[in-house]
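Here's the letter readout for the chains.
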Amino acid sequence: MTSLVLTLTETLRYRGAIGQWSWVLHRLTGLGVVLFLTLHVIDTSWAVFYPELYVRAIAAYQTPLFTLGEFGLVACVVYHAYNGLRIALIDTRPAWWKYQQRAAKIVLAATGITLVPVFILMFSHVVKFYQSPESANVLPLVEVLREQLPFIAGIAIAVIGAVLFSAVTGVIAGDSEAQTKRQGSQIERFWWSFMRISGLLIVPLVFGHLAMMHILQGVFDITTQTTVVGTPFINESATAVEFVANRWGLVVGGVFVWRVYDFALLVLVTIHGFNGLRYVLTDYTAKSRLLKNASIYLATIGAVVLLVVGGAALFNTIPATAIEQAELAMERLHGGEGEAHEAESGAASGETAAEEVPAETPESGS
Amino acid sequence: MDLTFRIRRFNPEAPEGKRKPYWQEFTLQNVDETDRVLELLHRIKWEQDGTLTLRRACAHGICGSDAMRINGVNKLACKVLAKEVGAKVQIEPILGLPVLKDLVVDMEPFFAHYRSVMPYFINNSAEPARERFQTQHDRELYDDTTKCILCACCTTSCPSYWANGDYVGPAAIVQAHRFIFDTRDEGAKERLDVLADPDGVWRCRTVYNCTPACPRGIQVTRAIGEVKLAIMRGSPEGIIKEGVGEIATSSG
């Protein structure tokens, strides 16, 4: 803890050049993305396991707090991606260090240039939403915050669990604190190259994902009767669950393309992100074996939970009744006006969707 | 011209309760713009406050004794002129090593890291009659890293080192680089193994504070990068390409 405070204050005091600020931004943007990733993977899995919760999560995403967060998220991803390319590139050719300052400025400029049209498009979704009657249904801030409490609790439990586990393993291992000789770590060698290779693979995947889910269609389009991005299907019931079902139901050449895409993204981003978290945490916990090991356990727990939860959702079929449950949840959430009719017609039109979505939503309920 | 100094002081022998580090200001008159900061610190010590403690030996940028943080950046006091620092200059000890008194830090942890990379020539083959020959090209591979004077400017400019004193630090990696890329040396494998430790080169996050901090102009981050690549490939061979041959051509 003291070394974190020291590093924070001294980084502000040391007159380092732009490289120092690139490093600070890379860490902050990385941490921001990992935090959102945790929420996002868990609540997307609810589309499969708890449709009602998923509807509520998407409703929370359609509030000003998360709209601001979404703009921040996109900015974080874009900066982290461009700066990651700068890092990886110079790592392969150390002699190019003399271009690093220029590269750092180019990264900032490119981030700005990318974000202008992206933010304009994203903002147009926001404007469209607040001009539509649906904006009357926006959840109040207090309720949105209350919905996030389980996440805060979950993260707190993971942190406490990691520290306790570290304490227990520390007691079992005993006080072998004696200075051990430095020796090569094959694991760190692996992680160093993994971070660079996975980073390169993630860039096109995550840019595609952002383009589809945040820019071409925004979070507000998830609950409208439009053609679902990247598929020929229409979200008949205008529920978030059907949106997910449509995407994950698209089969091209016998392959569930978006499931494969999302799985690749999930695995690479989760491992990259949580190893990054381990880097950041272990940098500042070197003086305490308890906290250092706890950092490693926390990163491992986080990665395993997200891979298991996200993987389970991606390898499961969305149950037949999920869309109806989602419609009911929408009705309950928005007090019924207007939505009720759509819910009725939606149940009927759900059938057409079912025919278009092979092997996905048998819709036995209607 | 007048020059105001703001100096970080610490007296370990001060009475209990007064032992905290503090800032103290001194003003010097008749400062010449070509005076070096080291000389001005001497003037303060000799003319105003004899208790001001600092370390220096050669005073000409060779011995590496007077590294300190001058206006927020690590430098050798003997290589900074008054005209470079403005009318007000702030001076504090380098960060990451225990402060003994005022601007003097305990260099032992720094030297322990230095020793850990085996900074000496290793070659167990039979000694030749005269000397071990090396081509000009091969000599240039590590020319840059021979310049290190162990002043600790780079290591104590590194946020990774501030946070974690177990990190071997830029200077030790530079010193290891000098031998790893020496074609006559046979200890590269052992050194690469030491530096592949989790607290070896992997703690370098390419922040680039070390390179501009070096008073000898060593391309520190580049050297660390080359050692990382040597670890990845298991051998230093063929890693350095750019920049080699420059000395041979420039000297004609």
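1. Structural notes on the overall build of chain A
Right, so step 1: Tallying secondary structure elements over chain A gives twelve helices and two strands in all.
Right, so step 2: Shown N-terminal to C-terminal, the secondary structure of chain A runs as helices and strands in the order α-α-α-α-α-α-α-α-β-β-α-α-α-α.
Right, so step 3: Here chain A holds 366 residues, and 35% of them are scored as buried.
Right, so step 4: Summarising the internal contacts of chain A: among those between residues at least 6 apart in sequence, 74% fall at separations of at least 24.

2. Some remarks on the overall build of chain B
Right, so step 1: A tally of regular secondary structure across chain B gives ten helices and seven strands.
Right, so step 2: Principal axes of the C-alpha set define a box for chain B whose edges measure 60 × 45 × 35 Å.

3. Notes on the packing of helix α2 (residues 18–49) of chain A against helix α4 (residues 64–92) of chain A
Two numbers describe a pair of packed helices, the interaxial angle and the distance between the axes.
All names here are of chain A.
Right, so step 1: Their axes nearest at 9 Å, the elements α2 and α4 cross at an angle of 130 degrees. Classed by the angle they form, the pair α2 and α4 counts as oblique. Crossing geometry of α2 relative to α4 is assigned as left-handed. In this structure, α2 uses S22, L25, H26, T29, G30, G32, V33 and F36 to contact α4, whose residues at the interface are G72, L73, C76, V77, Y79, H80 and N83.
Right, so step 2: In terms of residue class, the contact of α2 with α4 is built from seven nonpolar, eight polar and no charged.

4. Details of the interface of chain A and chain B
Right, so step 1: Each side of the interface is counted separately: chain A has 31 residues, and chain B has 37 residues.
Right, so step 2: Of all the elements in the fold, those that place two or more residues in the side of chain A that touches chain B are α1 (2–13), α2, α4 and α7 (186–216) of chain A.
Right, so step 3: Residue classes in the side of chain A that touches chain B are distributed as twelve nonpolar, eleven polar and eight charged.

5. Topic: the pairing of strand β2 (residues 22–28) of chain B
Residues and elements named next belong to chain B.
Right, so step 1: Among the seven residues that make up β2, zero are buried, leaving the element largely open to the surroundings.
Right, so step 2: The sheet contact formed by strand β1 (residues 3–9) and β2 spans seven bridges and is antiparallel. What sits directly across from T4, in β2, is T27.

6. Remarks on the packing of α7 of chain A against helix α9 (residues 257–283) of chain A
Residues and elements named next belong to chain A.
Right, so step 1: It is at 9 Å that the axes of α7 and α9 come closest, and there the two elements cross at 135 degrees. If you check the angle between α7 and α9, you find them oblique. With respect to the hand of their crossing, α7 and α9 are arranged in left-handed fashion. Touching W191, M195, S198, G199, L201, I202, L205, V206 and H209 of α7 are A264, L265, L268, V269, I271, H272 and N275, all from α9.
Right, so step 2: Its residues assigned to classes, the contact of α7 with α9 comprises eleven nonpolar, five polar and no charged.

7. Side note on the pairing of strand β3 (residues 67–70) of chain B
All names here are of chain B.
Right, so step 1: Along β3, one buried face is formed by A67 and R69 and the opposite face, lined by M68 and I70, is buried too.
Right, so step 2: For β3 and strand β4 (residues 73–76), the ladder comprises four bridges, and the chain directions are antiparallel. In the sheet register, A67 faces β4, and the bridge partner there is L76.
Right, so step 3: The antiparallel pairing of β3 with β4 creates a hairpin that spans two residues between the two strands, and N71 there sits at a positive phi of about 50 degrees.
Right, so step 4: When β3 meets strand β5 (residues 88–92), the two strands line up antiparallel, connected through two bridges. If you follow R69 over to β5, its bridge partner there is E92.

8. Observations regarding the domain arrangement of chain B
For interface size, the figure often reported is the accessible area lost on association.
Residues and elements named next belong to chain B.
Right, so step 1: The domain architecture assigned to chain B consists of domain 1 (3–105) and domain 2 (108–250).
Right, so step 2: The C-alpha centroid of domain 2 is placed 30 Å from the C-alpha centroid of domain 1.
Right, so step 3: Across the contact, 14 residues belong to domain 1 and 15 residues belong to domain 2.
Right, so step 4: When grouped by side-chain class, the residues that make up the side of domain 1 that touches domain 2 number eight nonpolar, four polar and two charged.

9. Focus: the confidence of the model for chain B
Residues and elements named next belong to chain B.
Right, so step 1: Overall, the prediction assigns chain B a mean pLDDT of 94, with 96% of residues at 70 or greater.
Right, so step 2: By mean pLDDT, helix α10 (residues 246–250) is the weakest element of chain B at 55, and strand β7 (residues 104–105) is the strongest at 98.
Right, so step 3: Across the whole predicted complex the pTM is 0.90, and at the interface the ipTM reaches 0.92.

10. Notes on the environment of L250 of chain A
Residue and element names in this part refer to chain A.
Right, so step 1: Along the polypeptide, L250 turns up in the loop between α8 (240–249) and β1 (251–252).
Right, so step 2: C-beta crowding within 10 Å serves as the criterion here: with 20 such atoms nearby, L250 is assigned to the buried category.
Right, so step 3: The spacing of L250 and T231 is 19 residues in sequence and 6.4 Å in space, taken between C-alpha atoms.
Right, so step 4: Once you skip the residues sitting within four places of it in the chain, L250 turns out to touch T231, F256, V257 and W258.

11. Focus: the sheet that holds β4 of chain B
All names here are of chain B.
Right, so step 1: Taken together, five strands build an open sheet; the order of strands is β2-β1-β5-β3-β4 and the sheet is mixed. Where the open sheet ends on each side, the last strands, each with one partner, are β2 and β4. Pairwise comparison of adjacent strand axes, ignoring direction, gives a mean angle of 35 degrees for this sheet.
Right, so step 2: Where helix α1 (residues 37–48) meets the sheet, it contacts β1, β2, β3 and β5, and its direction lies at approximately 95 degrees from that of β2.

12. A word on the confidence of the model for chain A
Residue and element names in this part refer to chain A.
Right, so step 1: Of all residues in chain A, 89% attain a pLDDT of 70 or more, and the chain-wide mean is 88.
Right, so step 2: Here helix α12 (residues 339–356) stands out as the element of chain A with the lowest mean pLDDT, 42, in contrast to α9, whose mean of 97 is the highest.
Right, so step 3: Low pLDDT, under 50, characterises residues 337–366; the stretch is placed with 55 contacts to residues that sit more than four places away or in other chains.

13. Considerations on helix α9 (residues 220–233) of chain B
Each full turn of the α-helix corresponds to 3.6 residues, which orients residues three or four apart in the same direction.
Residues and elements named next belong to chain B.
Right, so step 1: With 14 residues, α9 should reach 20 Å at 1.5 Å per residue; the first-to-last C-alpha distance of 20 Å fits that figure.
Right, so step 2: When α9 is considered as a whole, its buried residues turn out to be V220, T221, R222, A223, I224, G225, E226, V227, K228, A230 and I231.
Right, so step 3: In the segment just after α9, G234 is the residue with positive phi, at about 80 degrees.

14. Here we look at the environment of H334 of chain A
Right, so step 1: When you line up the elements, H334 of chain A lands in the loop between α11 (322–333) and α12.
Right, so step 2: Placed 217 residues apart in sequence, H334 of chain A and P117 of chain A show a C-alpha to C-alpha distance of 33 Å.

15. With respect to the nonpolar core
Right, so step 1: Counting residues in each nonpolar core, the largest one holds 73 residues, and the members touching the most others are A77, A152, A171, I173, L195 and V227 of chain B.
Right, so step 2: With seven residues, the top contributor of residues to this core is helix α6 (residues 170–180) of chain B.
Right, so step 3: If you count residues domain by domain, this core takes at least three from each of domain 1 (3–105) and domain 2 (108–250) of chain B.
Right, so step 4: Apart from the residues lying within four places of it in its own chain, the contact partners of L195 of chain B are V117, V168, I173, A176, G200, V201, V227 and I231 of chain B.
Right, so step 5: One finds V78, A81, A162 and A245 of chain A within the second-largest nonpolar core, a separate group that totals 57 residues.

16. Focus: the environment of T206 of chain B
Right, so step 1: One can find T206 of chain B in the loop between α7 (188–195) and α8 (210–213).
Right, so step 2: Along the backbone, T206 of chain B and C158 of chain B are 48 residues apart, and their C-alpha atoms lie at a distance of 9.4 Å.
Right, so step 3: Not counting residues within four places of it along the chain, the set of residues in contact with T206 of chain B comprises I87 and I90 of chain A together with T221 of chain B.

The rules we used
- Residues numbered from 1 in each chain as written.
- Chains lettered and ligands numbered in written order.
- Predicted model: local features only at pLDDT ≥ 70, side-chain atom pairs only at ≥ 80, totals over all residues.
- Helix = DSSP H or I, 4+ residues; strand = E, 2+ residues; numbered from the N terminus.
- Buried ≥ 20, exposed ≤ 12 C-beta atoms within 10 Å, placed from the backbone.
- Contact = placed C-beta atoms within 7 Å.
- Axes fitted to C-alpha atoms, helices over the stretch in contact; angles between N-to-C directions.
- Parallel < 35°, antiparallel > 145°, perpendicular 65-115°, else oblique.
- Left-handed = near helix turned anticlockwise from the far one by under 90°.
- Nonpolar A, V, L, I, M, F, W, Y, C, P; charged D, E, K, R; others polar.
- Pairing = 2+ DSSP bridges.
- Domains from an automatic or database assignment.
- pLDDT = per-residue confidence, 0-100.
- Expected span 1.5 Å × (residues − 1).
- Core = buried A, V, L, I, M, F, W, Y, C linked by C-beta atoms within 7 Å.

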